[in-house]
Amino acid sequence: MRQSQLFFKTQKDFPKDEVAVNAQLLIRGNFVEKLMAGVYSYLPLGWRVRQKIVRIIEEEMNALGSAEILMPALHPRSVWDATGRWEGMEKIMYQFKDHSGREVGLGPTHEEIMAVIGKTVIDSYADLPRTVYQIQTKYRDEPRAKSGLLRGREFTMKDLYSFHTDEASLAEFYEEAKKAYLKVFTRAGLKSYITEASGGDFTKEYSHEFMVETDAGEDETFLCRLCGFAQNKEISKLKAKSNCPKCQSGVIDKVKTVEVGNIFKLGTKFSEPVGFTYKDTQGKMIPVVMGSYGIGVDRLMGTVVEVHHDEKGIVWPESVAPFQVHLLQVGEATPELQQFGTNVYDELVRSGVEVLFDDRTRATTGEKFFDADLIGLPWRVVVSEKTMVQDKIELKRRNETNVKVMKLKECEKMFIE
Ligand code: ATP
Ligand code: MG
């Protein structure tokens, strides 16, 4: 993509009320734009990052044998009344009347809707287990939306639902889902800890949260770095500096974390109220056992920025970077240099590399370097008069300082590997 043609401009002024690092960097880098507290637009670079994250999630969910669906955001009250959550979620759910007086709400989550749909597909034990997921917009009237992408009022969640004949089948899938979740976060460049947490209004058992350590986090977690044992402070009886109850030899630290994912054993909490049952081998009607599994897509992106940045800007992991290479053409834009820059660009594109080409003729060299650090693509390639006369380019990784001068052919090999 040529930067001169991209709907894009790094921002000098950004909202003064944005205190979160992720929001500051993402807005200044023009990845997202804030419409109101907790509501953001994705601009071209941000959309590309989001798509990369979505792709990783889809690949791992598909590998679990789950199939993608899409449910509506607008829900009738009746579906929520079945479980009593229309009133239970009054504070967080956007609820209103339409012009004909019908009560409707914007979905903060989809367990109720899913159970109702499940009834249309699952009749007997032979139809189980099954699992489906969606990547869809959720609405929550969050009282504090000050953490940028970490806490939206409109946000995207990947929510997966699993259906089983019994608890044993659910437990089996639940463990597979844990592994898939760890893979998603690792692939996105994050180290996550599986944390025991309250089951909330879903289950008396623990649920499991996937926590990433960062000072931007709103949760507090007791963590043993030695064995990875972690408990959410809300439910924990542990104290900081105590011995780890799991491995005995590690020490428990209290750390700030972001909850990037949460998985729940729902049991029959949502199936029973709506009569979502299956016929067992004897023809008896049994409530379907369910699980639900969430990942915050925007929150994940915000967390990557919180973890991977320096004083100059974002340092994207390769897996989620909007482009792999930022090609900068610097110095006076003579026809020869523009041709040289274009040749390098075409050659990189031909070899399958995702390149953002800063071919702007009015930006200064300083501005180009400044923007490149802010946007944070993994590799920076510079072409200038100086490199052109040697038929070479300058190559630098975003997270390293040393610059290598080399032939384009040599450098291509590094991106393809
Ligand atoms: P929190 O405790 O942070 O408010 P939650 O426990 O209410 O989150 P869940 O209902 O478990 O959230 O939702 C599943 C996932 O969706 C969370 O693990 C998180 O990654 C994401 N998520 C939840 N609320 C938001 C939000 N307001 N903005 C962005 N992502 C969110
Ligand atoms: Mg949660």
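The shown structure was predicted, so the numbers you read here are calculated from the model rather than taken from an experiment. (Residues numbered from 1 in each chain as written. Chains lettered and ligands numbered in written order. Predicted model: local features only at pLDDT ≥ 70, side-chain atom pairs only at ≥ 80, totals over all residues. Heavy atoms only, no water.)

Draft legend 1. Quick look at the sheet that holds strand β4 (residues 74–76). The antiparallel open sheet is built from 3 strands, whose spatial order is β4-β6-β5. The sheet is open, and its two borders are formed by β4 and β5 (94–97), each paired with just one other strand. Each adjacent strand pair in this sheet contributes to an overall mean axis angle of 30°, direction not counted. In this sheet, strand β6 (residues 103–106) lies alongside β5 in antiparallel orientation, the contact comprising 4 bridges. Following the sheet pairing, Q95 is matched in β6 by G105. (Pairing = 2+ DSSP bridges. Helix = DSSP H or I, 4+ residues; strand = E, 2+ residues; numbered from the N terminus. Axes fitted to C-alpha atoms, helices over the stretch in contact; angles between N-to-C directions.)

Draft legend 2. Quick peek at the pairing of strand β19 (residues 325–329). By the criterion of burial, β19 is predominantly enclosed, with 5 of the 5 residues buried. Covered by surrounding structure in β19 are V325, L327 and Q329 together with H326 and L328, the residues of both alternating faces. Across 4 bridges, the pairing between β19 and strand β20 (residues 355–358) is parallel. Counted as the bridge partner of L327 is F357 from β20. (Buried < 20%, exposed > 50% of the residue type's maximum accessible area, 1.4 Å probe, protein only.)

Draft legend 3. Looking closely at the environment of R397. Within the secondary structure layout, R397 lies in strand β22 (residues 393–397). A relative accessible area of 29% means that R397 is categorised as partly exposed. Along the sequence, R397 and W379 sit 18 residues apart, while their C-alpha atoms lie 4.6 Å from each other.

Draft legend 4. Expanded view of the layout of surface pockets. In this structure, the largest pocket spans a volume of roughly 1200 Å³. Forming the walls of the largest pocket are 43 residues, and the residues nearest its centre are R140, R151, E259, N262 and F264. Secondary-structure elements contributing two or more residues to the lining of the largest pocket are α4 (85–88), β8 (154–164), β13 (252–267), β16 (289–296) and α7 (297–307). Of the residues in the lining of the largest pocket, the class split is 15 nonpolar, 12 polar and 16 charged. Estimates place the volume of the second largest pocket at around 250 Å³. As for the second largest pocket, its lining consists of Q3, S4, L6, F8, K9, T10, R360, T361, R362, A363, E367 and D371. Tallied by class, residues from the lining of the second largest pocket come to 3 nonpolar, 4 polar and 5 charged. (1 Å grid on protein atoms, 1.4 Å probe; cavity = no way out; pocket = protein on both sides within 12 Å on 5 of 7 lines; lining within 4 Å. Points joined across faces, edges and corners; volume = space filled by probe spheres on them. Nonpolar A, V, L, I, M, F, W, Y, C, P; charged D, E, K, R; others polar.)

Draft legend 5. Broad picture of the coordination of the magnesium ion (ligand 2). All of the protein donors around the magnesium ion (ligand 2) are E259 (OE) and N262 (OD1); their distances to the metal are 2.2 to 2.3 Å. The same class applies to E259 as to N262, namely buried. (Donors = N, O, S within 2.8 Å, 3.2 Å for Na, K, Ca; no water.)

Draft legend 6. Looking closely at the packing of aromatic side chains. In total, this model carries 8 aromatic pairs according to the counting rule given. An angle of 50° between the planes, with centres 6.2 Å apart, marks the rings of Y174 and Y293 as tilted. With Y174 in helix α6 (residues 167–187) and Y293 in strand β16, this pair connects stretches of sequence that are 119 residues apart. Classification of Y293 by relative accessible area gives buried; the value is 2%. A connected cluster of aromatic rings, assembled from ring pairs, spans F173, Y174 and Y293. Directly above the aromatic system of F270 lies the positively charged group of K269, at a separation of 5.9 Å from the ring centroid. (Phe/Tyr/Trp six-rings, centres within 6.5 Å; stacked < 30°, edge-to-face > 60°. Lys NZ or Arg CZ within 6 Å of the ring centre and 35° of its normal.)

Draft legend 7. The pattern of salt bridges, seen in detail. Under the definition given, this model contains 37 salt bridges. The partner of R360 in a salt bridge is D371, and the shortest N-O contact between them spans 3.3 Å. Residue R360 is located in the loop between β20 and α9 (365–375), and its partner D371 is located in helix α9; the two are separated by 11 residues in the primary sequence. A relative accessible area of 8% means that D371 is categorised as buried. A single salt-bridge network, built from bridges that share partners, covers R77, D81, E87 and E103. (Salt bridge = Lys/Arg side-chain N within 4 Å of Asp/Glu carboxyl O.)

Draft legend 8. Geometry of the site of ligand 1. The immediate surroundings of ligand 1 are formed by 13 residues, with R140, E142, R151, G152 and E259 found nearest. Notes on ligand 1: free accessible area 580 Å², of which the protein chains cover 84%. When atoms are counted within 2 Å of each cavity's grid points, the one that captures over half of ligand 1 is the largest pocket. Of the residues forming the shell around ligand 1, the biggest block, 4 residues, is contributed by β13. Looking at side-chain class alone, the shell around ligand 1 contains 4 nonpolar, 4 polar and 5 charged residues. (Near = heavy atom within 4 Å. Areas by Shrake-Rupley, 256 points an atom, 1.4 Å probe, with all protein chains shown as cover. Sits in = over half its atoms within 2 Å of the grid points.)

Draft legend 9. Representation of the domain arrangement of the protein chain in the model. In terms of domain boundaries, the protein chain breaks down into domain 1 (15–307) and domain 2 (325–416). Each of domain 1 and domain 2 has a C-alpha centre, and these two points are 40 Å apart. Contact with domain 1, which involves 7 residues of that partner, is made by 4 residues of domain 2. At the junction of domain 1 with domain 2, the criterion picks out 2 salt bridges. In this structure, the salt-bridge partner of R48 is E354, at a minimum N-O distance of 3.3 Å. Taken together, the links from domain 1 to domain 2 amount to 2 residue pairs in polar contact (both at pLDDT 80 or more). (Domains from an automatic or database assignment. Contact = heavy atoms within 4.5 Å. Polar contact = N/O pair within 3.5 Å; in protein donor to acceptor, adjacent residues only side chain to side chain.)

Draft legend 10. How the structure looks around the packing of helix α2 (residues 44–63) against α7. Contact geometry of α2 with α7 gives a least axis separation of 10 Å together with a crossing angle of 110°. It follows from the interaxial angle that α2 and α7 lie roughly perpendicular. Pair α2 / α7 crosses with right-handed handedness. On the side of α2, the interface is formed by G46, V49, R50, I53, V54 and I57, while α7 contributes V297, L300 and M301. Among the residues making up the contact of α2 with α7, the classes are represented as 7 nonpolar, 1 polar and 1 charged. (Parallel < 35°, antiparallel > 145°, perpendicular 65-115°, else oblique. Left-handed = near helix turned anticlockwise from the far one by under 90°.)

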